[in-house]
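# Geometric and topological summary
What follows is each chain in one-letter form.
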Amino acid sequence: MTQPGGALFLLVALLAGTGIGFLVANRWRPFRSEPSSSSLSQDADMAELSNGAKTLLDFAVDFVWRTDADQRLIRLDGSGRPRFGMAWDGRRLWELPWQPLPPREWCSLREHLTGGRAFAITLRLDGIDGGIRYFELRGWPIDGETSALGHHGVAFDISDRLRTEHALEQSRKRYQEVIESVHEVVFRTDDRLRFTYLNPAWTRCTGHAVEDSLEQRFTEFLHPDDREQARERLVHVLAGGADDYAGQLRLPTRDGDIRWMEVTARPIARDMVPLDSGGVTEPGVVGTMNDISARRIAESTLRNVNLELESRVRMRTAELEASNRELEAFSYSVSHDLRAPLRSISGFARILEDDLGDTLTPESRDHLERIRAATGRMSQLIDNLIQLAQLPRRVLKKESVDLSALAVQVIDELRLEEPQRGVEVEITSDLVASADRELMRTVLENLLRNAWKFSVGSTPARIRFYAERNHDQRIFSVADNGIGFDMAHAANLFKPFHRLHDDPGFAGTGIGLANVQRIIERHGGRIWAESSPGSGAVFHFTLA
């Protein structure tokens, strides 16, 4: 039980000083003298003052009460009376149906009432709305000549206030639970960067006890190499030179390990009152610390892996460059050292043919022609091998290429080489693609020459060059109605030196389609074929 005081006590004192307090305390006592004209005027003034005091009290409190000398209620009045909701007349305060209080509280209340002392107490009551209502009662003794004539006082319905305070307390507890359960360290400092709050994550991350860390400077926990830089930037934030601070700092733990902490902080807002500050906002910073040690280790590991990978790439690049140089030397050797004997063989065969002239038998002349044809095929094979070896190193020079025009050029050359053949050729116009012009010429020349060569026995021979769209991809095709091939052997179609037709009537080195596949793959496309024996063949290819 507490002593009454505060604003209410001041209000009652002011009322008493103006005579209104006397009226409020004694308005229930009847006047015993006969009224005179002057007293009637005074009574009117006093009545007006009484009404004013009553109005003022109605605004200040929920109801007023008074007891007689036997502590029985003789008055209970005010705006809050309907919420009181029980019979009261003639009953003592401790006899009303309040919810139970500890016996010590009841004894104290009775002692104050019977002893003529002021008091203040909070009581609970079942309201008429079915809920529990809380009332704060304050009382003062009515002094008589020899003893107290009873008590009078006021009561406040503090139910809404208590509910609000309870809700705020619950909200504070929930907020505190959230702050204390997060993995990140949450901290607050004063204007000298000394910790004034730390959540339990601080101990989990650093091993330092929270109670031992409070009032210690934040920078004292940092690695010596990070302290000055962190202090300067945080002081800059405190001085208003920056809105916030963000950085990665090293923090030694209690066990001596080094933790990398990602720290963010900002000044304490003027309107942000800490939970344990008693309503006072002090300058400082608030922020979080997140343990990023695992991430830093992963980043360091990744950097080391990248450095190792770069070293391996440089080593492999050097090896590849050395291999390319060796390949270039081999190509030169093949081109120079092998061609010389071929030229000699072909040259001596021609000399023999010229010197012997008519003395050569048909069989000898056939042998010489075969020797010269073989050297020619060998020379062509060398050219194809060199081209196959140089393709991976060749730099693509992409441009807009009219493939239809290139196909027309190849067909015109074939007609000049074999004017006696009547081949029906259909070339779709305006087939344009972004590609290397010279390499695409090689592709079309190989595919169209094969179509021309393997359709020699067809009457009439037909060759088509066209394109079709499959979804968002354009597919170019070269088709003929020649002898075709068995798809069971298609896997070897684009391998060097593999020929599906061994008939000597179909000349070739077995390198052409291998070159075509490499060129198409260099352009980001693919090539495949469809055929069956005696039904011709179709070669499809795409370009990126």
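Located above this text is the structure these notes cover.
Residues numbered from 1 in each chain as written. Predicted model: local features only at pLDDT ≥ 70, side-chain atom pairs only at ≥ 80, totals over all residues. Heavy atoms only, no water.

## Here we look at the overall build of the protein
Applicable threshold: Helical segments are the DSSP runs of H or I of at least four residues, strand segments are the runs of E of at least two, and each set is numbered from the N terminus. Contact criterion: two residues are considered in contact whenever any of their non-hydrogen atoms come within 4.5 Å of each other.
Broken down by element type, the protein carries 14 helices and 17 strands. Relative to all contacts within the protein whose residues are 6 or more apart in sequence, the contacts with residues 24 or more apart total 55%.

## Topic: helix 12 (residues 403–417)
What counts is decided by this rule: The span expected for a helix works out to 1.5 Å for each residue beyond the first. Accessibility here uses a 1.4 Å probe with only protein chains present; expressed as a share of the type maximum, an area under 20% marks a residue as buried, one over 50% as exposed, and anything in between as partly exposed. The arc under discussion is defined with respect to the helix axis, by the directions toward the C-beta atoms. Pairing of N or O atoms within 3.5 Å defines a polar contact, subject to two protein rules: one partner must be a possible hydrogen donor and the other a possible acceptor, and residues neighboring in sequence count only if both atoms are side-chain atoms.
In this model helix 12 runs 21 Å from its N-terminal to its C-terminal C-alpha over 15 residues, within 8% of the 21 Å that 1.5 Å per residue would give. When helix 12 is considered as a whole, its buried residues turn out to be Leu-403, Ser-404, Leu-406, Ala-407, Val-410, Ile-411 and Leu-414. Projected onto a plane normal to the axis of helix 12, the buried residues spread over an arc of 160° and lie on a single side. For helix 12, the side-chain oxygen to backbone nitrogen distance between the N-cap and Ser-404 is 3.1 Å, and the N-cap itself is Asp-402.

## Looking at the environment of Ser-213
Looking at the secondary structure, you find Ser-213 in helix 8 (residues 210–213). The sequence separation of Ser-213 and Trp-202 amounts to 11 residues, and the corresponding C-alpha distance is 9.2 Å. Beyond its immediate sequence surroundings of up to four residues, Ser-213 is in contact with Phe-195, Leu-198, Trp-202, His-208 and Phe-221. Among the polar contacts listed, one links the side chain of Ser-213 to the side chain of Trp-202, at a separation of 2.9 Å.

## Looking at the packing of aromatic side chains
Here is the rule we go by: Two rings belonging to Phe, Tyr or Trp (six-membered ring only in the last case) form a pair when the distance between their centres is within 6.5 Å. Interplanar angles under 30 degrees mark stacking, angles over 60 mark edge-to-face geometry, and anything in between is tilted. The rule for a charge over a ring is simple: NZ of Lys or CZ of Arg within 6 Å of the ring centre, and within 35 degrees of the ring normal.
What the rule picks out here adds up to 11 aromatic pairs. Geometrically, the ring pair formed by Trp-202 and Phe-221 is edge-to-face, given 5.1 Å between the ring centres and 90° between the ring planes. Placement of Trp-202 in helix 7 (residues 201–206) and of Phe-221 in the loop between helix 8 and helix 9 (224–238) is noted, with a sequence separation of 19 residues between them. A relative accessible area of 13% places Phe-221 in the buried class. Both rings, one in Phe-485 and one in Phe-539, keep their centres 6.4 Å apart while their planes meet at 45°; by these two values the pair is tilted. With Phe-485 in the loop between strand 15 (473–480) and helix 14 (512–522) and Phe-539 in strand 17 (residues 537–541), the pair connects residues that are 54 residues apart, well separated along the chain. Here Phe-485 falls in the buried class, since its relative accessible area comes to 7%. Within the aromatic cluster, the residues linked to one another by ring pairs are Phe-187, Phe-195, Trp-202, Phe-218 and Phe-221. Looking at Arg-296, its charged tip hangs above the ring of Trp-260, at a distance of 3.7 Å from the centre. Positioned over the ring face of Tyr-466 is Arg-464, at 4.0 Å from the centre of the ring.

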